[in-house]
Amino acid sequence: MKLRRIQWIQVVLALAVIMAVAGCAKKKVAPPTPVPPPPPPAPTAMLTANPNTISAGQASTLTWTTDFASSVTIDGIGKVDPSGSMKVTPSESTTYRLVAKNDTGTKEATARITLTPAAAPPPTSSSTGDESNARLFSQNVKDIFFAYDSYDMTPQDEAVIRADASFLQQHPNLSFIVEGHCDERGSIEYNLALGENRAQAAKQALVQAGVSATRMRTISYGKEKPVCTESTEACWQQNRRAHFAYSK
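For every chain, the first residue of its written sequence is number 1, and the numbers climb from 1 along that sequence. It should be noted that, the model being predicted, local features are given only for residues of pLDDT at least 70 and side-chain atom pairs only at 80 or more, the latter also being counted only at that level, while totals for whole chains, interfaces and linings use all residues. Side-chain measures here rest on the full set of heavy atoms in the structure, leaving out hydrogens and waters.

A. Expanded view of the overall build of the protein. Of the regular secondary structure elements, the protein holds five helices and 12 strands. Buried residues in the protein amount to 29% of all 248 residues. Here, residues are in contact when the closest pair of their heavy atoms is within 4.5 Å. Pairs at least 24 apart in sequence give 64% of the contacts found in the protein among residues at least 6 apart. Within the structure as shown, the protein displays about 15,700 Å² of accessible surface, and the carbon and sulfur contribution to it stands at 58%. Put simply, DSSP marks the helices as runs of H or I at least four residues long and the strands as runs of E at least two long, and each gets a number from the N terminus on. Note on classification: 1.4 Å probe, protein chains only; a residue is buried when its accessible area is under 20% of the maximum for its type, exposed when over 50%, partly exposed between these limits. All accessibility values rest on the Shrake-Rupley procedure with a 1.4 Å probe; residue burial counts only the protein chains present in the view.

As structure tokens, this is what we get:
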């Protein structure tokens, strides 16, 4: 009887030891790794100049807005608030560049202010003939317009060119400039090249229609001389043009 009791006690002790060991062997659950906060969105930026064409000594207002920027600077001005406006009086045609930065990236925006030449002196009696020619020219020689990022002639353009050429052949004493213009989208350099292609396309079309190339020269203004300053497709269409200007 005493032996059985000892055996029973031994069994109980063995079970206790097994449970203790099993309990000690249980792994502790590691706490979850904290998730870092997401990075801020990339900054956005917009910069405009109003008016964007002025005479020497006149002022224009720069207006800018940014989002998510920790640092905002404008070339030639320095550090500025994330959004604001200020008047500037450049001494020459100037492209203002805004740079907005944060830890995620950088966003740039530009605005061009073009200074026009000083006003011409009042006309004298000797300029009456030129004024008459200029008025006659502008009334009869019409601009042609281009699709976005293109200098290809459309059938409508070709019809306008034929009418322009017919008038010019009837007035062989008139010389003129073919100006290439673009809308505000794209870099200054790209639009100057595109404007030159548009001016050359219009010139070649007139030459093929019988107008002497010696009567005309070409120039590209890129996006510097818009006739419409709103950021809409209807406005951009007016600016994508080849303009014909009378030249003495």
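B. Representation of the pattern of salt bridges within the structure. Every case where a carboxyl oxygen of Asp or Glu lies within 4 Å of a side-chain nitrogen of Lys or Arg is listed as a salt bridge. Throughout the structure, instances matching the rule amount to seven salt bridges. Between Arg185 and Asp183 there is a salt bridge whose closest N-O contact spans 2.9 Å. A relative accessible area of 25% means that Arg185 is categorised as partly exposed. Owing to a relative accessible area of 3%, Asp183 belongs among the buried residues under this scheme. A salt bridge links Glu233 to Arg240; its shortest N-O distance comes to 2.9 Å. Among the residues examined, Glu233 registers a relative accessible area of 42% and is labelled partly exposed.

C. Just the sheet that holds strand β12 (residues 241-247), in detail. With mixed pairing, the four strands of this open sheet are ordered in space as β9-β12-β10-β11. Two strands close off the open sheet at either side, each with one partner strand: β9 (144-145) and β11 (216-222). Pairing between strand β10 (residues 175-181) and β12: six bridges, direction antiparallel. The partner of Phe176 across the bridge, within β12, is Tyr246. Between any two strands, pairing holds if DSSP finds at least two bridges.

D. Spotlight on the state of the cysteines. Cysteine sulfur atoms that pair up within 2.5 Å are treated as a disulfide. Taken as a whole and judged by the stated rule, the model has one disulfide. The residue that forms a disulfide with Cys228 is Cys235, at a sulfur-sulfur distance of 2.0 Å. Torsion about the S-S bond of the Cys228 and Cys235 cystine: about -125°, corresponding to left-handed handedness. Since its relative accessible area comes to 17%, Cys228 is described here as buried.

E. Layout of the pairing of strand β8 (residues 106-116). Of the strand pairs in this sheet, strand β2 (residues 53-55) and β8 are connected by three bridges, and their pairing is parallel. In the strand pairing of β8, Ser55 is matched with Thr116. Examined bridge by bridge, strand β7 (residues 94-101) and β8 share eight bridges and lie antiparallel to one another. Bridged to Val99 within β8 is Glu108. Between β7 and β8, which pair antiparallel and follow one another directly, the connecting turn spans four residues.

F. View of the side chain of Asn191. Note that Asn191 resides in helix α4 (residues 188-208). For Asn191, the contacting residues outside a window of four places in its chain are Cys182, Asp183, Arg185, Gly186, Ser220, Gly222 and Lys223.

G. Region of interest: the pairing of β7. Sheet topology note: the strand β4 (residues 71-74)/β7 ladder contains four bridges and is antiparallel. Each residue of the ladder has a partner; that of Ser71, found in β7, is Lys101.

H. Spotlight on the side chain of Arg215. As for its placement among the helices and strands, Arg215 is situated in the loop between α4 and β11. None of His or the chain ends enter the tally, which takes Lys and Arg as positive and Asp and Glu as negative. No salt bridge is formed by the buried Arg215; its nearest oppositely charged neighbour, Asp164, is found at 11 Å. Two N or O atoms count as a polar contact when they lie within 3.5 Å, although within protein this holds only if one can serve as hydrogen donor and the other as acceptor, and sequence-adjacent residues are included solely when both atoms are side-chain atoms. Within the structure, the side chain of Arg215 is placed 3.0 Å from the backbone oxygen of Leu168, a separation counted as a polar contact. Not counting residues within four places of it along the chain, the set of residues in contact with Arg215 comprises Leu168, Gln169, His171, Pro172, Leu174, Ser175 and Phe176.

I. Main features of the layout of surface pockets. Points on a 1 Å grid over protein atoms alone make up a cavity when a 1.4 Å probe fits among them but cannot get out, and a pocket when they form an open set with protein on both sides within 12 Å along at least five of seven lines; lining residues each have an atom within 4 Å of a point. Grid points are joined across faces, edges and corners, and a volume is the space filled by probe spheres set on the points. The space that makes up the largest pocket amounts to roughly 670 Å³. Taken together, 30 residues line the largest pocket, and the ones lying closest to its centre are Leu47, Asn52, Thr110, Ala111 and Glu184. For the lining of the largest pocket, the secondary-structure elements that each account for two or more residues are β1 (44-50), β8 and α5 (233-239). Nonpolar residues are Ala, Val, Leu, Ile, Met, Phe, Trp, Tyr, Cys and Pro. Charged residues are Asp, Glu, Lys and Arg, and all others, Gly as well, are polar. Classifying every residue of the lining of the largest pocket by side-chain character gives 13 nonpolar, 10 polar and seven charged.

J. Highlighting the packing of aromatic side chains. Each pair of aromatic rings taken from Phe, Tyr and Trp, with Trp reduced to its six-membered ring, is defined by centres within 6.5 Å and is described as stacked if the planes are under 30 degrees apart, edge-to-face if over 60, and tilted in the remaining cases. For the structure on display, the rule yields three aromatic pairs. Each ring, one from Phe176 and one from Phe244, has its centre 6.4 Å from the other, and the planes form 75°; the classification is edge-to-face. Here Phe176 is found in strand β10, whereas its partner Phe244 is found in strand β12, with 68 residues between them in sequence. Its relative accessible area of 1% is what places Phe176 among the buried residues. The class of Phe244 is buried, set by a relative accessible area of 3%.

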